[in-house]
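# Structure assessment
Here's the letter readout for the chains.
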Amino acid sequence: MDILKMKHRMISCKEVLANLSSYVDEEGSAELRQVLEEHISWCRRCRVVFDTTGRMMKIMRDAEPFDVPLGVSARLYSRLETVLSGE
Ligand SMILES: [Zn+2]
């Protein structure tokens, strides 16, 4: 995972977004989580995205053992990317 090599520089919002699902699913390493949390601590926009998306993903995951259709997930991400790049 490239993001770990970039530990000592600011990661971009896109990189944060790309790793969002790993973070929410608690699949990422402690190091990855730290990098993301650091970014979120100063980037309000990503914090909002993490908060809303993370909560939604958890709800979906905890509700029923069903798979989120890939198309929905892809649309969600492209939507988020649009939001993030529209500064
Ligand atoms: Zn950000």
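No experiment lies behind these values; they were computed from the predicted model shown.

### Details of the overall build of the protein
When helices and strands are counted, the protein shows five helices and zero strands. If you list the helices and strands of the protein from N to C, you get α-α-α-α-α. Sorting the 87 residues of the protein into buried and exposed places 10% on the buried side. If you take every contact in the protein between residues at least 6 apart in sequence, the share linking residues at least 24 apart comes to 60%.

### Thoughts on the nonpolar core
Residues Val16, Leu20, Tyr23, Val35, Leu36, Cys46 and Phe50 constitute the largest nonpolar core, which totals seven residues. Of all the elements in the fold, those that place two or more residues in this core are α2 (20-24), α3 (30-42) and α4 (44-63).

### Brief notes about the environment of Ser85
For Ser85, the position within the fold is in helix α5 (residues 70-85). Look at Ser85 and you get exposed, because 10 C-beta atoms sit within 10 Å. Sequence separation of Ser85 and Cys13 is 72 residues, and the distance between their C-alpha atoms is 8.7 Å.

### Some points on the environment of Thr53
Locating Thr53 in the fold gives a position in helix α4. By C-beta crowding, Thr53 is classed as partly exposed, having 18 other C-beta atoms within 10 Å. Sequence-wise, Thr53 and Leu20 are 33 residues apart; in three dimensions their C-alpha atoms are separated by 8.6 Å.

### What to know about the confidence of the model for the protein
Of all residues in the protein, 74% have pLDDT values of 70 or greater, and the mean over the chain is 77. α5 is the least confidently modelled element of the protein, averaging 75 in pLDDT, while α3 averages 90, the highest of any element.

Scoring rules and cut-offs
Each chain has its residues counted from 1, following the order in which its sequence is written. Selection of residues for local features in this predicted model requires a pLDDT of at least 70, selection of side-chain atom pairs for listing and counting requires 80 or more, and totals for whole chains, interfaces and linings are taken over all residues. A run of H or I in DSSP counts as a helix once it spans at least four residues, and a run of E counts as a strand once it spans at least two, with each numbered from the N terminus. The exposure label follows from counting other C-beta atoms within 10 Å of a residue's C-beta, where the C-beta atoms are placed from the backbone and the thresholds are 20 or more for buried and 12 or fewer for exposed, leaving partly exposed in between. It is the C-beta atoms, placed from the backbone, that decide contacts: two residues are in contact if theirs lie within 7 Å. One nonpolar core equals one set of buried Ala, Val, Leu, Ile, Met, Phe, Trp, Tyr and Cys residues connected by C-beta atoms within 7 Å. Scored from 0 to 100, pLDDT reflects the predictor's confidence in each residue.

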